[in-house]
Amino acid sequence: MNQRILVVDDEAPTRELLSLYFKKRGYDVSTASTAEDTLRLVNEMPLQLVILDLNLGDSNGLDLLAPIQKAHPQIPIIIFSGIGLDEESLALARQKGATGYIHKTQPLTEMLAEVQRALQS
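Presented here is a report on the structure given in the accompanying data block.

## Quick word on the side chain of Ser 81
Next up, step 1: As for its placement among the helices and strands, Ser 81 is situated in strand β4 (residues 77-81).
Next up, step 2: Those residues within four positions of Ser 81 in sequence are excluded, and the remaining contacts are Asp 53, Leu 54, Asn 55, Tyr 101, Ile 102, His 103 and Lys 104.

Pasting the structure below:
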């Protein structure tokens, strides 16, 4: 069975790019664009990793960390953001359960390396 990743981002091109990229590397990928869709999918399917946009159109990604952790306590969650995070915000994200951080402008190979690292930990 392939590892399943949930990519959460309110921007369709970003979701599609990451979905295609990770599928070509052997992962099963599901996507969500809203907090409601995210929580529904988290509760409906087995997941091994969540890539979670910090700034969703309808909510703050940090607010989703606790419900995701409740549904899947061991799942790694990588925060994904187009804006730089200061140390305080990163510390808060980690306190709430995030295991990593990816900036949207990072090369896809670096994103893949962070996903692989999170899945192996």
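## Structural notes on the packing of helix α2 (residues 35-44) against helix α3 (residues 62-71)
Next up, step 1: Axis separation between α2 and α3 bottoms out at 9 Å; the angle between their running directions is 15 degrees. By the angle between their directions, the pair α2 and α3 is classed as roughly parallel. For the crossing formed where α2 meets α3, the hand is right-handed. Across the interface between the two elements, Ala 35, Thr 38, Leu 39, Val 42 and Asn 43 from α2 touch Leu 64, Pro 67, Ile 68 and Ala 71 from α3.

## So, the nonpolar core
Next up, step 1: The biggest cluster of nonpolar side chains holds 23 residues, and the ones touching the most others in it are Leu 6, Val 50, Leu 52, Ile 68 and Ile 79.
Next up, step 2: Of all the elements in the fold, those that place two or more residues in this core are β1 (4-8), α2, β3 (49-53), α3, β4 and α4 (87-95).
Next up, step 3: Ranked by residue count, the leading element in this core is α3, at 4 residues.
Next up, step 4: Setting aside residues up to four positions removed in sequence, Leu 52 forms contacts with Val 8, Gly 61, Leu 64, Leu 65, Ile 68, Ile 77, Ile 78, Ile 79 and Phe 80.
Next up, step 5: Counting residues in each nonpolar core, the second largest holds 17 residues, with Tyr 21, Tyr 27, Leu 49 and Met 111 among its members.

## As for the pairing of strand β5 (residues 100-103)
The side chains of a regular strand alternate, first on one face of the sheet and then on the other.
Next up, step 1: Judged by which residues are buried, β5 turns out to be covered on both faces: Gly 100 and Ile 102 on one side and Tyr 101 and His 103 on the other are all buried.
Next up, step 2: Pairing between β4 and β5: 4 bridges, direction parallel. Considered in β5, the bridge of Ile 78 is made with Gly 100.

Conventions adopted
Residues numbered from 1 in each chain as written. Predicted model: local features only at pLDDT ≥ 70, side-chain atom pairs only at ≥ 80, totals over all residues. Heavy atoms only, no water. Helix = DSSP H or I, 4+ residues; strand = E, 2+ residues; numbered from the N terminus. Contact = heavy atoms within 4.5 Å. Axes fitted to C-alpha atoms, helices over the stretch in contact; angles between N-to-C directions. Parallel < 35°, antiparallel > 145°, perpendicular 65-115°, else oblique. Left-handed = near helix turned anticlockwise from the far one by under 90°. Core = buried A, V, L, I, M, F, W, Y, C linked by side-chain atoms within 4.5 Å. Buried < 20%, exposed > 50% of the residue type's maximum accessible area, 1.4 Å probe, protein only. Pairing = 2+ DSSP bridges.

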